[in-house]
Amino acid sequence: MRISTTSCLCPFLVCLCFIQRCYGASHHVPAKVPSKNQTKLANGETEVHHRPKRGWIWNQFFVLEEHMGPDAQYVGKLHSNSDKGDGSVRYILSGEGAGTIFIIDEVTGDIHATKSLDRERKTHYVLHAQALDRNTEEALEPKSEFIIKVQDINDNAPKFPDGPFVATVPEMSELGTSVLQVTATDADDPTYGNSARIVYSILQGQPYFSVDPKTGIIRTALANMDREAREHYTVVIQAKDMAGQVGGLSGSTTINITLTDVNDNPPKFPQKNYQLYVPESAQVGKPVGKIKANDEDLGINADIKYSIINSEGANMFSISTDRDTREGVISLKKPLNYERKKTYTLHIEGMNTHMDPRFSYIGSFKDTATLKISVGDVDEAPVFSMDYYIMDVYENAPSGTEVGAVTARDPDSRNSPVRYFMDSKEEGERYFRIEESSGVVRTTQPLDREDIPWHNITVMASEVDNPSLLSHVPVTVQVLDVNDNPPEIAADGEVIVCESSRPGQVIQTVTAVDKDDFANGQRFYFALPSQLPGRAPSSSLTFQEPISLSESQRCGVFGWITNVGSLSLSLCLGCYFTPTLG
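Everything quoted here is computed from the prediction, not taken from an experiment.

Trainee: Whenever I open this one, the overall build of the chain confuses me. Can you help?
Mentor: When helices and strands are counted, the chain shows three helices and 41 strands. Across the 582 residues in the chain, those meeting the buried criterion constitute 38%. The long-range fraction of contacts in the chain, counting pairs at least 24 apart against all pairs at least 6 apart in sequence, stands at 68%. Accessible surface, the chain: about 32600 Å² in total, of which carbon and sulfur atoms supply 50%.

Rendered as structure tokens:
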């Protein structure tokens, strides 16, 4: 801008000091139609006509950041109309950085920056200017405030403050599926030029992924990427300022992308036919074997449910899934018998439990295999013909009397001979013995039913060829009763009768018991010994006539009344009665 010498100037002028080459064409003020206070000259310059007024006229100064030259950087010039160029005006600068960062020539009013400035640390400085009369120190103009702005240069590369990144995307995703958005920051001035205008590009990760140059959104660049083929990818994204132009600064970050699993693989048995050997001695409810279908998926997408789909196999065996190994565990439902059935065929199906309908076009997510089970012959212990035996023998039978017999056979096809013996730890061995080859049980001594009516013994059987295999069976022996015990009278030894008792009055009832069984011991009669006077054929005694006796007298006049199982006595005082029972 050129100031006409004929115009009326303000008392003090703050001059713009920036030169065009320092800032480029982008800092030119756009051409405007001259206003009523401006005149367009022939050479293209504009002549400004200022109205006279008091005070400062100032504009914003600029200083370039990161100045590395050997001399102080020129900022601008302060000038007052009162300054005639004779040095009588002294210019003073105060405010932020005055005297340290910014210095002023007191005579000329030229301002210089003595240090390199960083716009990212401080964008502008607020200062104050004064013009004083050098001789009187009087202010020629009022103090005025102006700003020195630090002009940005492209001295900061874009950065990714949060990197590196970790991201996931489902396998088999469609082309262009969004994975992650990365954002770089640039400390330069976004309002000035292209220093902070960032463009994104991909340095590593093609052709699998792409990045939007403006937004930084990373997307899949290939459709249907298969996790089972490749699971992990490393993508490097670059952010470049200056809108990606040559000479711009750049920064990069790494994104580790993992394809997550979807159920796009059905289970598969490695082979279609399997064989398994199971001994017939296998326990019911216990696992007898395993089978496994492979699934390349992960987690719940690889969960498999196994089932036996044919009745022959399902009746004898069951199958469950081991959650840790995903194996099908085969267990026995019923006992095996080699002599009855030697082989079983199982048709086993393995099916995914969590299906994804998007991949139904692949087919059924299940597979089948055939398992042939061979039952192994095992040398089994002898088997008794009954689960338990009940025998009987009469008491007082002579030693060696046969009580009964047990029978056992070898269930194996060899049909080995069987020998019998008794458990030596039981009390029953004192009373019984068993014939080793026939299984006949005999007494070893006469038995007393009244002492022990029942005997419990254990008979064991083993194969002659393999004595270690034993079978046990309980045997109960009942001792049968015979009439070998006389009745016994349960009565006091002495009966006392008052002398005033009436004839026929019952004075005592005698009860008899028998240790024998009811069938043999409870039918008996009562009688008095023959040497007693007044004996009558009855089992109850009564007086025939009244009697009167002294204490020293005894009498034996009795009457009998028949009773079964008891005896009623009518005795005089001091009489003693001893009945004989038959």
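Trainee: What is the right way to read the nonpolar core from this model?
Mentor: Here is a general trend for soluble globular proteins: nonpolar side chains tend to be buried in one another's company. By size, the foremost hydrophobic cluster in this structure holds 24 residues, and its most contacted members are F317, I330, L346 and I348. Of all the secondary structure elements, the ones that give two or more residues to this core are β19 (273-279), β20 (287-291), β21 (304-308), β22 (317-321), β23 (328-332), β24 (343-352) and β25 (366-376). Examining the composition of this core, we find that four residues originate from one element, β25, more than from any other. Once residues within four sequence positions are removed from consideration, I330 is found in contact with K286, P287, V288, G289, I291, F317, S318, I319, L346, I348 and L371.

Trainee: Even after reading the chapter, I still don't get the pattern of salt bridges, so can you show me in this structure?
Mentor: Side chains that differ in charge, positive against negative, can pair when their charged atoms come close. Within the structure shown, the criterion is met by 17 salt bridges. R227 serves as the salt-bridge partner of E231, at 3.9 Å between the closest nitrogen and oxygen. With a relative accessible area of 8%, R227 lands in the buried category. As a salt-bridge pair, K366 and E349 come within 3.7 Å of each other at their nearest N and O atoms. With a gap of 17 residues between them, K366 in strand β25 and E349 in strand β24 connect regions that are remote in the sequence. According to the relative accessible area criterion, E349 is buried, its value standing at 15%.

Trainee: Help me understand the packing of aromatic side chains, please; the structure alone is not making it clear to me.
Mentor: Describing an aromatic ring pair means giving the distance of the ring centres and the angle of the ring planes. Under the counting rule described, the total for this entry stands at nine aromatic pairs. Judged by centre distance (6.3 Å) and plane angle (55°), the rings of F269 and Y306 are tilted. Placement of the pair is F269 in the loop between β18 (250-260) and β19 and Y306 in strand β21, with a sequence separation of 37 residues. We classify F269 as buried; its relative accessible area is 6%.

Trainee: How should the sheet that holds β24 be read in this particular structure?
Mentor: One open sheet holds the four strands; their spatial order is β19-β25-β24-β21, and the pairing between them is mixed. The sheet is open, and its two borders are formed by β19 and β21, each paired with just one other strand. With strand direction ignored, the average angle separating the axes of adjacent strands in the sheet is 30°. For β19 and β25, the ladder comprises seven bridges, and the chain directions are parallel. Opposite L276, over in β25, you have I373 as the bridge partner.

Trainee: Could you clarify how one ought to interpret the pairing of β25 in this entry?
Mentor: Walk down a regular strand and you will see the side chains alternate between the two sheet faces. Pairing analysis gives nine bridges linking β24 to β25, with the strands arranged antiparallel. Paired with Y344 across the two strands is I373, which belongs to β25.

Trainee: Explain the confidence of the model for the chain here, please?
Mentor: In low-pLDDT regions, the fine details of the predicted coordinates are not to be read closely. Summarising the model, the chain shows a mean pLDDT of 80, and 78% of its residues fall at 70 or more. Throughout residues 1-57 the model reports pLDDT below 50, and contacts reaching past four residues in sequence, or to other chains, amount to 99 contacts. Residue range residues 534-582 is modelled with pLDDT below 50. Its contacts to residues more than four positions away, or to other chains, number 145 contacts.

Trainee: It is not clear to me how the side chain of E171 should be interpreted in this structure. Could you clarify?
Mentor: Residue placement: E171 occurs in the loop between β12 (165-170) and β13 (178-181). For E171, the residues in contact, after removing those within four places along its chain, are M225, D226, R227, E228, L259, T260, D261, V262, D264 and D297.

Trainee: Mind showing me how you'd approach the side chain of N263 here?
Mentor: Along the chain, N263 turns up in the loop between β18 and β19. You can call N263 buried: its relative accessible area is 1%. Here the side chain of N263 touches H354 through a polar contact of 2.5 Å, landing on its backbone oxygen. Beyond its immediate stretch of four places on either side in the chain, N263 contacts D297, N301, N352, H354, M355, D356, F359 and F365.

Trainee: How should I be thinking about a nonpolar patch on the surface in this particular structure?
Mentor: Residues Y388, I390 and W454 make up a contiguous nonpolar surface patch of about 380 Å² in total accessible area. On the secondary structure map, Y388 appears in the loop between β26 (383-384) and β27 (389-394).

Criteria and thresholds
Residues numbered from 1 in each chain as written. Predicted model: local features only at pLDDT ≥ 70, side-chain atom pairs only at ≥ 80, totals over all residues. Heavy atoms only, no water. Helix = DSSP H or I, 4+ residues; strand = E, 2+ residues; numbered from the N terminus. Buried < 20%, exposed > 50% of the residue type's maximum accessible area, 1.4 Å probe, protein only. Contact = heavy atoms within 4.5 Å. Areas by Shrake-Rupley, 256 points an atom, 1.4 Å probe, with all protein chains shown as cover. Core = buried A, V, L, I, M, F, W, Y, C linked by side-chain atoms within 4.5 Å. Salt bridge = Lys/Arg side-chain N within 4 Å of Asp/Glu carboxyl O. Phe/Tyr/Trp six-rings, centres within 6.5 Å; stacked < 30°, edge-to-face > 60°. Pairing = 2+ DSSP bridges. Axes fitted to C-alpha atoms, helices over the stretch in contact; angles between N-to-C directions. pLDDT = per-residue confidence, 0-100. Polar contact = N/O pair within 3.5 Å; in protein donor to acceptor, adjacent residues only side chain to side chain. Patch = residues over 30% accessible without salt bridge, like charges linked within 9 Å, V, L, I, M, F, W, Y side chains within 5 Å.

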